Amino acid sequence: MIPDASSPVSQYISFIIAGDEYAVNILRAREIVEHSVTSRVPMMPACLVGAMNLRGRVVPVIDLAVKLGLPPTRVSRWTCVLIVETELDGESTRLGLLIDGVGDVLTLSEDEIEHTPTFGAQVRVDQLLGMAKVGQKLVLLLNIDRILSPAELLASTTPGPSAGLEGSRTTSSPEHASCLRISE
């Protein structure tokens, strides 16, 4: 669908978590990397599965499924880490989001985005920017600043093992198997 020329447009990168499609503003995404070994960090919230070495830079990795109240992500051959940039304690910080697979780049006009209803969503309404109608499906647009705020991360769950990836969900969609570099 071509957006109406009078309506401002934004781009989002979509991804799969627990069989549902979510998206974040593409300006916040830095790259998507293949899932690799993470080092556990003791006494961290259960959603923080550890840290990874990304070209010499330590990047915390958050299991977004756990953060959203879903079962932990089960690593499959399609599992990727979406590197996003957010502001933590006044500094620009890169965090990794463990996702089941990559979707598409969506170009959406304001009139294609609906306000989030107060019921029926798997995430809290304040963690969503809205819901986009894409064909016959709805894509949940995440408010990444809210979800990844220090207060939300620390308050979201009790400390977990941070090993994180045993006994959880898998993705069965090979069409979401690509991992790609968004920008640097």
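Notes on the structure in this doc start here. Since we're looking at a predicted model, the values are computed, not measured. (Residues numbered from 1 in each chain as written. Predicted model: local features only at pLDDT ≥ 70, side-chain atom pairs only at ≥ 80, totals over all residues. Heavy atoms only, no water.)

Next up on the list: the overall build of the protein chain. Across its full length, the protein chain carries three helices and eleven strands. Along the protein chain, helices (α) and strands (β) appear in the sequence β-β-β-β-β-α-β-β-β-β-β-β-α-α when read from the amino end. With 184 residues in all, the protein chain has 48% of them scored as buried. For the protein chain, contacts bridging at least 24 residues in sequence account for 64% of all contacts bridging at least 6. (Helix = DSSP H or I, 4+ residues; strand = E, 2+ residues; numbered from the N terminus. Buried < 20%, exposed > 50% of the residue type's maximum accessible area, 1.4 Å probe, protein only. Contact = heavy atoms within 4.5 Å.)

A word on the side chain of E21. Note on placement: E21 falls in strand β2 (residues 20–25). With sequence-adjacent residues up to four places away left out, E21 is seen in contact with S14, F15, I16, K137, L138, V139 and L140.

It is worth spelling out the packing of aromatic side chains at this point. The final tally for this structure, using the stated rule, is one aromatic pair. Relative to Y22, the ring of F15 has its centre 6.4 Å away and its plane inclined at 20°; by these criteria the two rings are stacked. Here F15 matches Y22 in class, with each residue buried. (Phe/Tyr/Trp six-rings, centres within 6.5 Å; stacked < 30°, edge-to-face > 60°.)

This part covers the sheet that holds β2. The pairing of strands in a sheet comes from backbone hydrogen bonds and takes either a parallel or an antiparallel form. With mixed pairing, six strands are arranged side by side in an open sheet as β8-β1-β2-β11-β10-β9. The open sheet has two edge strands with one neighbour each: β8 (101–109) and β9 (113–114). Two elements, β9 and strand β10 (residues 128–134), share two bridges in a ladder whose sense is antiparallel. Each residue of the ladder has a partner; that of E114, found in β10, is M131. (Pairing = 2+ DSSP bridges.)

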